[in-house]
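The lines below spell out each chain.
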Amino acid sequence: VRADDDAAPPQGVAPGETARLFFALWPDPVTRAALEATTRRAHAAYGGKPTRGDTLHLTLRFLGDVALACIPTLCASAAGIRAPAFTLVLDHIDCWHHNRIACLGGRETPGALGALVAALDDLAVEAGLPRETRPYRPHVTLARGATCGQENPAPEKLLWTARDFVLVRSSLRTAGARYQQLGRWPLL
Ligand code: 2AM
């Protein structure tokens, strides 16, 4: 037994191995169906590669590449968050030139959503990640590689009641991102 065995990563985890992680809201089946219908409208307007229904989500806090060994601590901190459920109004389909995504956005960030995002940012900082300085813009990406420039489609009114949030691992593949949920915690 080597003296540094205490510092060894959990079994099966190569030292230095990382995962691309983010916290998100994942839609319930009814919300997902509504998002799929909106995806078809956005795709008709802007083209690109539509988001698959099973990967539709709303990012709360993108963490980026994090050591696998940190995941249990992140999950324990997330389980300690006490935040209320809320309803988010997503009301416009937009196309962002800078990254060529077509998305469904909300003009207003409900207070409870802002507080949840702030709590997740604190959690990220405690885990050693830099504080997020960009303003939070709630959006669901509906298509990538979109051709922006056309007039936006007519407004939507999609109500999303969030009752829980998830930690997701993203693996980038040629066929598109694969998402694996690592944890799910209730909003009370
Ligand atoms: P996007 O949909 O606006 O591209 C998984 O990649 C999720 O994390 C996506 O919802 C993506 O947002 C978001 N994401 C990826 N890279 C990011 C970054 N550098 N900053 C913030 N969010 C990011």
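All figures in this text were calculated on a predicted structure; none of them were measured in a lab.

Calculation notes
Residues numbered from 1 in each chain as written. Predicted model: local features only at pLDDT ≥ 70, side-chain atom pairs only at ≥ 80, totals over all residues. Heavy atoms only, no water. Helix = DSSP H or I, 4+ residues; strand = E, 2+ residues; numbered from the N terminus. Buried < 20%, exposed > 50% of the residue type's maximum accessible area, 1.4 Å probe, protein only. Phe/Tyr/Trp six-rings, centres within 6.5 Å; stacked < 30°, edge-to-face > 60°. Pairing = 2+ DSSP bridges. Contact = heavy atoms within 4.5 Å. Axes fitted to C-alpha atoms, helices over the stretch in contact; angles between N-to-C directions. Disulfide = S-S within 2.5 Å. Near = heavy atom within 4 Å. Polar contact = N/O pair within 3.5 Å; in protein donor to acceptor, adjacent residues only side chain to side chain. Areas by Shrake-Rupley, 256 points an atom, 1.4 Å probe, with all protein chains shown as cover. Nonpolar A, V, L, I, M, F, W, Y, C, P; charged D, E, K, R; others polar.

Draft legend 1. Region of interest: the environment of R137. Topologically, R137 is positioned in the loop between α3 (111-126) and β7 (139-144). In this structure R137 comes out as partly exposed when scored by relative accessible area, which is 48%. Note: C-alpha distance between R137 and A44 (93 residues apart in sequence) is 23 Å.

Draft legend 2. Main features of the packing of aromatic side chains. On inspection of all chains with the given rule, the structure shows five aromatic pairs. Relative to Y179, the ring of F22 lies with its centre 5.4 Å away and its plane at 80°, an arrangement referred to as edge-to-face. Here F22, found in strand β1 (residues 18-25), pairs with Y179, found in strand β10 (residues 176-186); they are 157 residues apart in sequence, far enough to count as distant. The interplanar angle of 35° and the centroid separation of 5.5 Å between the aromatic rings of F165 and W185 together place this pair among those described as tilted. With F165 in strand β9 (residues 164-173) and W185 in strand β10, the pair connects residues that are 20 residues apart, well separated along the chain. Each member of the pair, F165 as well as W185, carries the same accessibility label: buried. Three or more aromatic residues joined by ring pairs make a cluster, and in this case those are F22, W26 and Y179.

Draft legend 3. Here's a closer look at the sheet that holds strand β6 (residues 101-105). Taken together, four strands build an open sheet; the order of strands is β2-β7-β6-β5 and the sheet is antiparallel. Two strands close off the open sheet at either side, each with one partner strand: β2 (49-50) and β5 (92-96). In the sheet, β5 pairs with β6 via five bridges, with the strands oriented antiparallel. Bridging across to β6, I93 finds its partner in L104. Relative to the sheet, helix α1 (residues 29-46) contacts β2, β5, β6 and β7, its axis offset from that of β5 by approximately 45°.

Draft legend 4. Just the state of the cysteines, in detail. With the rule as written, the count across this model stands at one disulfide. The cysteine C75 is free of any disulfide, with C70 supplying the nearest cysteine sulfur at 11 Å. Judged by relative accessible area, C75 falls into the buried class, the value being 18%.

Draft legend 5. The site of the ligand, seen in detail. The immediate surroundings of the ligand are formed by R20, F22, H57, T59, F62, I101, R134, H139, T141, R144 and Y179. Within the side chain of H139, an N or O atom sits 2.6 Å from an oxygen atom of the ligand. At a separation of 3.0 Å, an oxygen atom of the ligand approaches a polar side-chain atom of R144. Taking 470 Å² as the accessible area of the ligand by itself, protein coverage stands at 73%. Put simply, the parts of the chain that give the shell around the ligand at least two residues each are β1, β3 (58-67) and β7. Counting residues per element, the shell around the ligand draws most heavily on β7, which supplies three residues. When grouped by side-chain class, the residues that make up the shell around the ligand number four nonpolar, four polar and three charged.

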